Amino acid sequence: MSIPTHTPYDGSSKLFAIGLKPLDFDSWIEVDGYLLPHLAQKHRLYTEIPGSVFVEEDGTRDAQREVLDLLGAHLLAKYPDVYRRSGTGIEVIGTKAGTAGGFSDAPLVAASLLVQEDLILMRRDESGWRLVAGSLCFPSSWSLIEKFGKPLQDIHAPVPGFGPGTRPADLINRMFDGLQGQAVERYNWSIQAGDALYHPLSNLERIDRTANRPSRFPDGDIDARAFIRVERQTLRKLPASRDVLFTIRIHLDPLGVLARHPDRAKLAASFAEQLLALDEAQLDYKGMTSDRDRLVAFLNHLASAA
């Protein structure tokens, strides 16, 4: 196990905060040794459950093509040892082009099968910034179908403090409006049982989880089963369509890998401190109400043993 690529739980990216930071376009997309297995999972999901991982409104194909073109130019320039031009555009070296269920002609699907990121298109209308197209193969406890067509304030309605009429909801809309020639990034993180990248959750399932507060680790084996799920999110406004592209890259690390980190004592202590700072509504939203104290004890032991 290598050490984590990103550690936003060190205090640099607090949960339930907007936390947008400027992003150099050169660092827009991340490619690592998990590229091929992640793309294989995307192909499988497009084949098995296509309607759950891709949505599009009529009139979005030009913006989807804009995403594919921007992404292709970036990948060829940034990762020439991984990507090359092909007869149909761009491909990952060493792989064969495959179909994507019934969406093989959707440019956003083609773009999603080049990168580990999920890709979401947001478009402005009188209701705000709405989700008008998206490839979401690796959801972090949400449902693409349920969010499709909704404006940001409704998408974030289940998030404590971010629903319609709240100050954070208004700020996010203004931030989307203000995106011009720059890109921004933010991090989110959570803890899950197991290493599944495809980790959806419907609104009904979230309500049930909040009501019953089940443990994710009923056998008590946090060391073996707990994984840190880090989302690296980026936003950029597309120059032609003026839509906003939202990318989400998932990093999964076993919680126990922190024991090998050079700054493990500081990192584990900060992680525990942030878990302790969450209120009941926030813990319920993250599904950690029943497990928070055990996770904190594990992290504190890790910090003291370092």
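Up top is the structure these notes are about.
Residues numbered from 1 in each chain as written. Predicted model: local features only at pLDDT ≥ 70, side-chain atom pairs only at ≥ 80, totals over all residues. Heavy atoms only, no water.

A.B. asks: How would you sum up the sheet that holds strand 5 (residues 118–125)? Please name residues and give values.
C.D. replies: Across the sheet, seven strands lie side by side as 1-7-8-9-5-6-2; this open sheet has antiparallel pairing. Across the chains shown, the open sheet's two edge strands, defined by having one partner strand only, are strand 1 (21–23) and strand 2 (54–56). Averaged over all pairs of adjacent strands, the angle between their axes in this sheet comes to 35°, without regard to strand direction. Relative to strand 6 (residues 128–135), strand 5 runs antiparallel, the two being bridged by seven bridges. Residue pairing for strand 6: Met122 is matched across the bridge by Leu131. (Pairing = 2+ DSSP bridges. Helix = DSSP H or I, 4+ residues; strand = E, 2+ residues; numbered from the N terminus. Axes fitted to C-alpha atoms, helices over the stretch in contact; angles between N-to-C directions.)

A.B. asks: Outline the pattern of salt bridges, listing residues and values.
C.D. replies: Inspection of the entire model under this criterion finds 18 salt bridges. A salt bridge links Glu57 to Arg130; the shortest N-O distance between them is 2.7 Å. Linking Glu57 in the loop between strand 2 and helix 3 (61–78) with Arg130 in strand 6, this pair joins segments that are 73 residues apart in sequence. With a relative accessible area of 23%, Glu57 lands in the partly exposed category. (Salt bridge = Lys/Arg side-chain N within 4 Å of Asp/Glu carboxyl O. Buried < 20%, exposed > 50% of the residue type's maximum accessible area, 1.4 Å probe, protein only.)

A.B. asks: Explain helix 12 (residues 292–305) to me, using residue names and the numbers behind them.
C.D. replies: Counted at 1.5 Å a residue, the expected span for helix 12 with its 14 residues is 20 Å, and the 20 Å between its end C-alpha atoms agrees. When we look at burial in helix 12, the residues that qualify are Arg292, Leu295, Val296, Phe298, Leu299, Leu302 and Ala303. End-on view of helix 12: buried residues confined to an arc of 160°, all on one side of the axis. The outward face of helix 12, more than 90 degrees from its buried face, is lined by the exposed residues Asp293, His301, Ser304 and Ala305. Residues of helix 12 that are buried make contact with strand 7 (183–193), helix 9 (222–225), helix 10 (264–277) and helix 11 (280–286). (Expected span 1.5 Å × (residues − 1). Arc of directions from axis to C-beta. Contact = heavy atoms within 4.5 Å.)

A.B. asks: Can you lay out the packing of aromatic side chains for me, pointing to particular residues and giving the numbers?
C.D. replies: Counted under the stated rule, the structure contains five aromatic pairs. Ring centres 4.5 Å apart and planes at 25° place the aromatic pair Tyr9 and Phe271 in the stacked group. Pair noted here: Tyr9 is in the segment before strand 1 and Phe271 is in helix 10, with a separation of 262 residues, a long-range link. Like Tyr9, the residue Phe271 is buried in the burial classification. When the centroid spacing of 5.9 Å and the interplanar angle of 65° are considered together, the rings of Phe16 and Tyr285 count as edge-to-face. One end of the pair, Phe16, is in the segment before strand 1; the other, Tyr285, is in helix 11, and 269 residues separate them in sequence. Each of the two residues, Phe16 as well as Tyr285, counts as buried. Here the aromatic residues Tyr9, Trp189 and Phe271 are joined through ring pairs into a cluster of three or more. (Phe/Tyr/Trp six-rings, centres within 6.5 Å; stacked < 30°, edge-to-face > 60°.)

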